[in-house]
Amino acid sequence: MTQDSDLDSLVRKRIRGLRAALGMSLDDLAAACYISPSTLSRIETGHRRISLDQLTAIARALGTTLDHLVESADADVVIRPRHEPERGVTTWTLRHEAGPGGRTVAKMRIDRPVPGPDQLRAHPGFEWFTVLSGTVALLLGERLILIETGEAAEFSTMVPHAFGAHGGPAEILGVFDHDGRRTHLRRLP
């Protein structure tokens, strides 16, 4: 079997699986896509080629994206940490959405203390993180805010900011937008 036919088969299985998981009949999905039920049936069973416009309509009707329907099944499922000793941070990138509007979800272990006021950075957007363990010191403008285990912080990143561990290592789960990802996570694996 070739790689193209493997992907083709996977896409067809995803369509059928998502349709079933959503409780949609063949007729329901066909109506939502403006294609006939027999055409949809032949697409799902591999008896008809899928055109790009049909695949786009099917993805939309299933509440997913074209990217999610055609992404490779060979992706590495193990999330490996990236340790940056010079920055005092270890990062596990849990979810990454590319593009300017994309978000990145990352778990971070922070070993460094909060940087000094001369290292504050500002960028467009908002950031959110929750502290999983330890205490995080957030320097937000001229304010020093301590965020304990179980607490969360959300703030405008237009305010110059930096964060670090307070009294020992800390772990956070953070959501970063495009600019926050570049500032705090540096490079993605």
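Keep in mind it's a predicted model, so treat the numbers as computed, not measured.

*Asks:* How should I be thinking about the packing of helix α2 (residues 26-33) against helix α3 (residues 37-45) in this particular structure?
*Replies:* Geometry of a packed helix pair, given as the angle between the helix axes and the separation of the axes. With their axes 8 Å apart at the nearest point, α2 and α3 run at an angle of 105° to one another. Here α2 lies roughly perpendicular to α3, going by the angle between them. Contacts between α2 and α3 involve L26, D27, L29 and A30 on the former and, on the latter, P37, L40, S41 and E44. Here the contact of α2 with α3 is built from residues that sort into five nonpolar, one polar and two charged.

*Asks:* Teacher, can you tell me more about the confidence of the model for the protein here?
*Replies:* Per-residue pLDDT for the protein averages 86, and the proportion of residues at 70 or more is 87%. Taken element by element, the predicted model of the protein shows its lowest mean pLDDT in helix α6 (residues 178-185) (56) and its highest in strand β6 (residues 143-147) (96).

*Asks:* I tried to follow the packing of aromatic side chains on my own but got confused; where do I start?
*Replies:* What describes a pair of aromatic rings is the distance from one ring centre to the other and the angle between the planes of the rings. Counted according to the given criterion, the structure contains two aromatic pairs. For the pair F129 and F163, a centre-to-centre distance of 5.5 Å together with 40° between the ring planes defines the contact as tilted. With F129 in strand β4 (residues 126-133) and F163 in strand β8 (residues 161-165), this pair connects stretches of sequence that are 34 residues apart. Residue class for F129 comes out buried when judged on its relative accessible area of 1%. By the ring-pair criterion, three or more aromatic residues cluster together here, those being F129, F155 and F163. The ring of F163 is capped by R112, whose NZ or CZ atom sits 5.7 Å from the centre of that ring.

*Asks:* I'm lost on the sheet that holds strand β5 (residues 136-140) in this one. Help?
*Replies:* Across a sheet, strands are paired by hydrogen bonds formed along the backbone, either parallel or antiparallel in direction. Taken in spatial order, the three strands make up an open sheet running β6-β5-β8, and their pairing is antiparallel. Each of the sheet's edge strands pairs with one partner strand only, and the pair in question is β6 and β8. Across this sheet, the average inter-strand angle for adjacent strands is 20°, counted without regard to direction. Bridge count for β5 against β6 is five bridges, and the pairing is antiparallel. The residue of β6 that forms the bridge with L138 is I145.

*Asks:* Which parts of the structure should I look at to understand the sheet that holds strand β1 (residues 82-84)?
*Replies:* Sheet architecture is open: six strands sit in the order β1-β2-β3-β9-β4-β7, paired in antiparallel fashion. The open sheet has two edge strands with one neighbour each: β1 and β7 (152-156). Each strand of the sheet is rotated relative to its neighbour by a mean of 25°, with strand direction disregarded. Here strand β3 (residues 103-110) pairs with strand β9 (residues 170-177) via eight bridges, running antiparallel. Of the residues in β9, the one forming a bridge with K107 is L173.

*Asks:* Explain the environment of L144 here, please?
*Replies:* Its place among the elements puts L144 in strand β6. Linking L144 and H161, residues 17 residues apart in sequence, is a C-alpha distance of 9.7 Å. Residues in contact with L144, not counting those within four places in the same chain, are A137, L138 and L139.

*Asks:* Could you clarify how one ought to interpret helix α4 (residues 52-61) in this entry?
*Replies:* For the α-helix, the turn length of 3.6 residues means that residues three or four positions removed from each other point alike. Listed in full, the buried residues belonging to α4 are Q54, L55, A57, I58 and A59. Downstream of α4 by a residue or two, G63 has a phi angle that is positive, lying close to 75°.

*Asks:* How do you make sense of the pattern of salt bridges when you look at a structure like this?
*Replies:* Under the defined criterion, the tally for this structure stands at eight salt bridges. Between K107 and E171 there is a salt bridge, with the nearest N and O atoms lying 3.4 Å from each other. A residue pair is termed long-range when its members are at least 10 positions apart, and K107 in strand β3 and E171 in strand β9 qualify at 64 residues. Using a relative accessible area of 17% as the deciding quantity, one classes E171 as buried.

What counts, and where the lines are drawn
- Residues numbered from 1 in each chain as written.
- Predicted model: local features only at pLDDT ≥ 70, side-chain atom pairs only at ≥ 80, totals over all residues.
- Heavy atoms only, no water.
- Axes fitted to C-alpha atoms, helices over the stretch in contact; angles between N-to-C directions.
- Helix = DSSP H or I, 4+ residues; strand = E, 2+ residues; numbered from the N terminus.
- Parallel < 35°, antiparallel > 145°, perpendicular 65-115°, else oblique.
- Contact = heavy atoms within 4.5 Å.
- Nonpolar A, V, L, I, M, F, W, Y, C, P; charged D, E, K, R; others polar.
- pLDDT = per-residue confidence, 0-100.
- Phe/Tyr/Trp six-rings, centres within 6.5 Å; stacked < 30°, edge-to-face > 60°.
- Buried < 20%, exposed > 50% of the residue type's maximum accessible area, 1.4 Å probe, protein only.
- Lys NZ or Arg CZ within 6 Å of the ring centre and 35° of its normal.
- Pairing = 2+ DSSP bridges.
- Salt bridge = Lys/Arg side-chain N within 4 Å of Asp/Glu carboxyl O.

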